[in-house]
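Per-entry structural report
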Amino acid sequence: MKPKTQIVNLPVYQPGKPIEEVKKELGLEQVIKLASNENPYGSSPRALEAITAELGSVSMYPDGSAVDLTVQLAGMLGIERNQVIFGCGSDEIIALIIRAYLQPGDETIMADQTFSVYKTNADIEGAISIEVPLVNGTHDLPAMADAITDKTKIVWVCNPNNPTGTLVSEQELVSFMNSVPAHVMVVLDEAYYEYVTDASYPNSISMLKTYPNLVVLRTFSKIYGLAALRIGYGIAQADVISLINRVREPFNTGRLAQVAAKAALGDQEFVAKCRQLNAEGIQYLQTEFDRLGLSYFPAHGNFIMVDVNRPGKEVFQSLLLQGVIVRPGFNLYPNYIRVTVGSVDQNKFFIASLEQALREVSTPV
Ligand SMILES: *Cc1c(COP(=O)(O)O)cnc(C)c1O
């Protein structure tokens, strides 16, 4: 049998290590995972109630087009219903956009380094990823605009960027959009949108009217704390959504995910509380990093990329043995680790473990 040539050497996505696996492997009783940007406060109790109430209906297929959820979200955002598409996580929306728009040989532009799912899906379609280096951990939008050619179909802007946590401001985004030809799609990945407190953050939804080539992605996996249910969405002009819908599987979001997402949207108090606690957590971690003499990128999501001045993989290993799972291994940033902002207790435990790790792993001379 002969698979598509472009998939043979594709790396398999390496997720953060699961807590149970680490506990068993290392014989640890307490393990905290600060590796996948999950919500340390769980999810809204209303979402859990909605799931429980729906359990009797799991023998029936979900509403394939998630009408109730669509109506609620469109109302909240002040957009039309036909401007929304839901997916099995926003990961699926990324895959659907690429399936709908990229052919072998097409070019797609993204930052180096950014969320890996864009490139993986482009590789699967045989498209060419042009990776434009970040500057100070931030998207270099002028350089990305310069990289556009006749073959460019999609540009990806992850805002805040994963893994660096940095922001692109509304002003920067607007001048970028003005320099992008109308036939090139710009996908704005706002997985951490609800966490952002910086006033310069773009109001992307209001930009959709001016820029018909703009697509915005958001998710219920991060601040809403519904990562296990796999539900996220894309917003764009109706004709773009209609095209992406052609490559969507009929029942791509589940019944439990849909009711939980509806209930979670209705509990903005929970969202506001998590945003506030996260901002306090960022403050705490940044103060501790300053005390330890470590630099870091300005954090706008629920995670921080910190320069540990030593191989990140060795610091990761030392933290792991102490029961803290973080993320190392970013090509451009071998001396960094990415840590998710946890609860107050988790953050304290992480800092104590980090101090131990910094003593154990020596600085290269
Ligand atoms: C987590 C994340 C996503 C998608 O998460 P889903 O669980 O698939 O909704 C998308 N983009 C970025 C940058 C992320 O960090």
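Model, not experiment: these values are computed from the prediction.

Quick notes on the domain arrangement of the protein chain
- Taken as a whole, the protein chain is organised into domain 1 (15-43 + 269-360) and domain 2 (45-266).
- Distance from the C-alpha centre of domain 1 to the C-alpha centre of domain 2: 26 Å.
- Contacts between the two partners involve 23 residues from domain 1 and, on the opposite side, 26 residues from domain 2.
- Interface area, domain 1 with domain 2, both sides summed: about 2200 Å², of which 61% is carbon and sulfur.
- In this assembly, domain 1 and domain 2 are joined by zero salt bridges.
- Applying the counting criterion to the domain 1 and domain 2 interface returns seven residue pairs in polar contact (both at pLDDT 80 or more).
- Contributing elements (two or more residues each) for the side of domain 1 that touches domain 2: α11 (268-291) and β9 (303-307).
- Residue contributions to the side of domain 1 that touches domain 2 peak at five residues, all from α11.

Observations regarding the layout of surface pockets
- As a volume, the largest pocket reaches approximately 1400 Å³.
- Lining the largest pocket are 48 residues, with Y13, Q14, F115, S116 and R327 sitting closest to its centre.
- Counting only elements with at least two residues in the lining of the largest pocket, the list comes to α4 (89-101), β3 (107-112), α5 (117-124) and α12 (312-321).
- Considering each element in turn, the lining of the largest pocket owes the most residues, four residues, to α5.
- Looking at the lining of the largest pocket residue by residue, the classes come out as 19 nonpolar, 15 polar and 14 charged.
- Split by domain, the residues of the lining of the largest pocket number at least three in each of domain 1 (15-43 + 269-360) and domain 2 (45-266).

Considerations on the side chain of Q286
- With respect to the secondary-structure elements, Q286 resides in helix α11.
- Apart from the residues lying within four places of it in its own chain, the contact partners of Q286 are Y296, F297, A299 and I304.

Comments concerning empty space enclosed by the protein
- Going through the model one piece at a time under the given rule, you end up with one cavity of 30 Å³ or more.
- Approximately 40 Å³ is the volume found for the largest cavity.
- A per-class count over the lining of the largest cavity returns six nonpolar, four polar and no charged.

Things to note about the nonpolar core
- If you look at the biggest cluster of nonpolar residues, it comprises 51 residues, and the most contacted ones within it are F86, V155, F176, M177, V186, L214 and F220.
- Per-element accounting of this core gives the leading share, five residues, to helix α10 (residues 255-265).
- There are two domains that each give this core at least three residues, and those are domain 1 (15-43 + 269-360) and domain 2 (45-266).
- Sequence-distant contacts of L214, defined by excluding residues within four places in its chain, comprise M177, V186, L188, S204, M207, L208, I235 and A236.
- Within the second largest apolar cluster, 29 residues are counted, among which are I282, I325, V339 and L358.

Observations regarding the state of the cysteines
- Applying the stated criterion across every chain yields a total of zero disulfides.
- Looking at the unpaired C158, the closest cysteine sulfur is the one in C88, lying at 19 Å.

So, the side chain of T108
- By secondary structure assignment, the location of T108 is in strand β3.
- When its relative accessible area of 1% is taken as the criterion, T108 is described as buried.
- Side-chain polar atoms of T108 contact the backbone oxygen of I154, separated by 2.9 Å.
- Apart from residues lying up to four places away in sequence, T108 is in contact with L102, A122, I128, S129, I130, I154 and W156.

Some details on the sheet that holds β3
- Reading across the sheet, the seven strands line up as β2-β8-β7-β6-β5-β3-β4 and stay open at both edges, with mixed pairing between neighbours. At either margin of the open sheet sits one strand with a lone partner, and together these are β2 (84-87) and β4 (128-133). Between one strand axis and the next, the sheet turns through 25° on average, direction left out of account.
- Against the sheet, helix α3 (residues 67-77) makes contact with β2, β7 (214-219) and β8 (232-235), and its axis sits at roughly 125° relative to β2, the strand it touches most.
- Together, β2, β5 (152-158), β6 (185-189), β7 and β8 form the strand contacts of α4, whose direction differs from that of β7 by roughly 155°.

Remarks on the environment of R275
- Relative to the elements of secondary structure, R275 occurs in helix α11.
- Among the residues examined, R275 registers a relative accessible area of 25% and is labelled partly exposed.
- Along the backbone, R275 and V196 are 79 residues apart, and their C-alpha atoms lie at a distance of 7.7 Å.
- Setting aside chain neighbours within four positions, we find R275 in contact with E194, Y195, V196, T197 and I223.

Some details on the pairing of β3
- Among the six residues that make up β3, five are buried, leaving the element largely enclosed by the rest of the structure.
- Pairing between β3 and β4: six bridges, direction parallel. Looking at β4, one finds that T108 is bridged to S129.
- The handedness of the β3 to β4 crossover, carried by α5, is right-handed.

Thresholds applied
- Residues numbered from 1 in each chain as written.
- Predicted model: local features only at pLDDT ≥ 70, side-chain atom pairs only at ≥ 80, totals over all residues.
- Heavy atoms only, no water.
- Domains from an automatic or database assignment.
- Contact = heavy atoms within 4.5 Å.
- Buried area = accessible area lost by both parts, 1.4 Å probe.
- Salt bridge = Lys/Arg side-chain N within 4 Å of Asp/Glu carboxyl O.
- Polar contact = N/O pair within 3.5 Å; in protein donor to acceptor, adjacent residues only side chain to side chain.
- Helix = DSSP H or I, 4+ residues; strand = E, 2+ residues; numbered from the N terminus.
- 1 Å grid on protein atoms, 1.4 Å probe; cavity = no way out; pocket = protein on both sides within 12 Å on 5 of 7 lines; lining within 4 Å.
- Points joined across faces, edges and corners; volume = space filled by probe spheres on them.
- Nonpolar A, V, L, I, M, F, W, Y, C, P; charged D, E, K, R; others polar.
- Core = buried A, V, L, I, M, F, W, Y, C linked by side-chain atoms within 4.5 Å.
- Buried < 20%, exposed > 50% of the residue type's maximum accessible area, 1.4 Å probe, protein only.
- Disulfide = S-S within 2.5 Å.
- Pairing = 2+ DSSP bridges.
- Axes fitted to C-alpha atoms, helices over the stretch in contact; angles between N-to-C directions.
- Right-handed = clockwise from strand over helix to strand, strands pointing away.

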